[in-house]
Amino acid sequence: GVLGCIPLSGVSLNSISMINMVLAIGLVVDYNLHIANSFMSQDPKLSRDERTALAMKKIGVAVAKGILSALIAIAPLALASSEVFRVFFKMLLAILLVGGSH
């Protein structure tokens, strides 16, 4: 996912992109664990499909809003003159889009 977006966006592998890869792991794990925790807190007598639907109703919107607010927050970085900030924008955009789509 995100690793494949690096060459497509013209970003080279360097310390900035590697720091962003570590950030990617944390964000994607965070998104998934919120949903998994919600799934596990549902009544175990329900089917997996029912538990999944309830988990997504309970926490899915909050996770989506978190991704959307992060996208809005990084938007100004796209216009930055500093290469560091532009790399951070490209990487974080890929992280949020790929991680959020899962």
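Check the entry above for the structure.
Think of each chain on its own: its residues are numbered from 1, step by step along the sequence as written. Local features in this predicted model are restricted to residues whose pLDDT is 70 or higher, and side-chain atom pairs enter the listing and the counts only when it is 80 or higher, whereas totals over whole chains, interfaces and linings include all residues. The basis for every side-chain value is the complete set of heavy atoms in the structure, and neither hydrogens nor water enter the calculation.

Q: I'd like a description of the overall build of the chain, backed by residues and values.
A: Helix and strand assignments come from DSSP, with helices taken as H or I runs of at least 4 residues and strands as E runs of at least 2, each series counted from the N terminus. Of the regular secondary structure elements, the chain holds four helices and zero strands. Ordered by position from the N terminus, the helices and strands of the chain form the series α-α-α-α. Judged by the C-alpha coordinates and their principal axes, the chain covers about 55 × 25 × 20 Å. Look at the contacts in the chain between residues 6 or more apart in sequence, and 53% of them connect residues 24 or more apart. Charge counting treats Lys and Arg as positive and Asp and Glu as negative, with His and both chain ends excluded. Taken as the charge centre is NZ of Lys, CZ of Arg, CG of Asp or CD of Glu, depending on the residue. Looking at charge distribution, the chain has the averaged site of its 8 positive side-chain charges lying 3 Å from that of its 5 negative ones. Note on definitions: a residue-residue contact is assigned when non-hydrogen atoms from the two residues lie within 4.5 Å.

Q: Break down the nonpolar core for me, with residues and values.
A: Nonpolar core, defined: a set of buried Ala, Val, Leu, Ile, Met, Phe, Trp, Tyr and Cys residues in which side-chain atoms within 4.5 Å join the residues together. Note on exposure labels: buried denotes an accessible area under 20% of the residue type's maximum, exposed denotes more than 50%, and partly exposed covers the range between, all computed with a 1.4 Å probe on protein chains only. Within the largest apolar cluster, 17 residues are counted, with the highest numbers of intra-cluster contacts made by Ile74, Met91 and Leu96. Elements with a contribution of two residues or more to this core: α1 (2-8), α2 (15-40), α3 (48-74) and α4 (83-101). Considering every element that reaches this core, the biggest residue donor is α4, with seven residues. Filtering out sequence-adjacent residues up to four positions away, Met91 remains in contact with Ile6, Val11, Ser17, Asn20 and Met21.

Q: Please provide a residue-by-residue account of the packing of aromatic side chains, values included.
A: Here a Phe, Tyr or Trp ring, Trp counted by its six-membered ring, pairs with any other such ring whose centre lies within 6.5 Å, and the pair is stacked when the planes are under 30 degrees apart, edge-to-face when over 60, and tilted otherwise. Applying the stated criterion across every chain, the model contains zero aromatic pairs. Above the plane of the ring of Phe39 lies Arg51, whose end atom (NZ or CZ) is 4.4 Å from the centre. A positively charged side chain is recorded as over a ring if its NZ (Lys) or CZ (Arg) lies within 6 Å of the ring centre. The angle to the ring normal must also be within 35 degrees.

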